Amino acid sequence: MERGLFDFSANGTYTLIPMKGGSGNIRSVTLTNYDTIVPCNVDLYLEDKSSSKAYITKSLQIPRSSTVRIIDYVGFDNDVLGLKLVLTSTSPKLTVIIK
């Protein structure tokens, strides 16, 4: 998939931007739950090398067939922080777009 485009269909913890892996300047993060039956829950956070977390959102429930725009410009030091996502659902179907 293109850089900044992700599609998830399994529960788990995913690294969207690894430490030292790209730009820490984000204009927006868009999350789309394209499951037509169940909602999904999302944690989005910054994490450092000691696994300390700074949550952008925690336990965000995205309704079925819905889109949520999480961030309108966030800058972070990508040398020491990475952007991660945790997805939980009975039937996860989530698209993430980072710009």
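Here the structure is shown first, and the text comes after it.
Residues numbered from 1 in each chain as written. Predicted model: local features only at pLDDT ≥ 70, side-chain atom pairs only at ≥ 80, totals over all residues. Heavy atoms only, no water.

1. Re the overall build of the protein chain
Part 1: A count of helical and extended segments in the protein chain gives 0 helices and 8 strands.
Part 2: When the helices and strands of the protein chain are listed from N to C terminus, the series reads β-β-β-β-β-β-β-β.
Part 3: For 99 residues, the compact-globule estimate of 2.2 N^0.38 gives 13 Å, and the C-alpha radius of gyration of the protein chain, at 13 Å, lies within 12% of that figure.
Part 4: A principal-axis box enclosing the C-alpha atoms of the protein chain has dimensions of 40 × 25 × 20 Å.
Part 5: Looking at the protein chain as a whole, 37% of its 99 residues qualify as buried. (Helix = DSSP H or I, 4+ residues; strand = E, 2+ residues; numbered from the N terminus. Rg over C-alpha atoms; globule rule 2.2 N^0.38 Å. Buried < 20%, exposed > 50% of the residue type's maximum accessible area, 1.4 Å probe, protein only.)

2. Comments concerning the sheet that holds strand β4 (residues 40-47)
Part 1: Spatial strand order, β2-β7-β4-β5: 4 strands in an open sheet with antiparallel pairing. At either end of the open sheet lies a strand with only one pairing partner, and these are β2 (12-17) and β5 (53-62). Sheet twist, expressed as the average angle between the axes of neighbouring strands with direction ignored, equals 20°.
Part 2: Pairing of β4 with strand β7 (residues 82-88) involves 7 bridges; the strand directions are antiparallel. In the sheet register, Leu 46 faces β7, and the bridge partner there is Leu 83. (Pairing = 2+ DSSP bridges. Axes fitted to C-alpha atoms, helices over the stretch in contact; angles between N-to-C directions.)

3. Let's talk about the pairing of β5
When a strand is regular, its side chains alternate between the sheet's two faces.
Part 1: Pairing of β4 with β5, which is carried by 7 bridges, proceeds in the antiparallel orientation. In the sheet register, Cys 40 faces β5, and the bridge partner there is Ile 62.
Part 2: Turn length for the β4-β5 hairpin, with the two strands adjacent in sequence and antiparallel, is 5 residues, and the turn residue Ser 51 shows positive phi of about 70°.

4. Remarks on unusual backbone geometry
Part 1: In this structure, Ser 51 takes a positive phi of about 70° despite not being glycine.
Part 2: For Ser 51, the position within the fold is in the loop between β4 and β5.
Part 3: Residue Ser 51 is classed as partly exposed on the basis of its relative accessible area of 43%.
Part 4: At Ser 59, a position not held by glycine, the phi torsion is positive, near 55°.

5. Structural notes on the side chain of Asn 78
Part 1: Of note, Asn 78 is situated in the loop between β6 (66-75) and β7.
Part 2: There is a polar contact of 3.1 Å between the side chain of Asn 78 and the backbone oxygen of Pro 18. (Polar contact = N/O pair within 3.5 Å; in protein donor to acceptor, adjacent residues only side chain to side chain.)

6. Description of the nonpolar core
Part 1: In terms of nonpolar packing, the biggest core is built from 21 residues, with Phe 8, Leu 16, Leu 83, Leu 85, Leu 94, Val 96 and Ile 98 touching the most fellow members.
Part 2: Of all elements in the fold, only β1 (5-8), β2, β3 (25-33), β4, β7 and β8 (94-98) reach the threshold of two or more residues within this core.
Part 3: When residues of this core are assigned to their parent elements, the largest contribution, 4 residues, is made by β4.
Part 4: Apart from the residues lying within four places of it in its own chain, the contact partners of Val 96 are Gly 4, Leu 5, Phe 6, Phe 8, Leu 16, Val 29, Thr 30, Leu 31 and Leu 85. (Core = buried A, V, L, I, M, F, W, Y, C linked by side-chain atoms within 4.5 Å. Contact = heavy atoms within 4.5 Å.)

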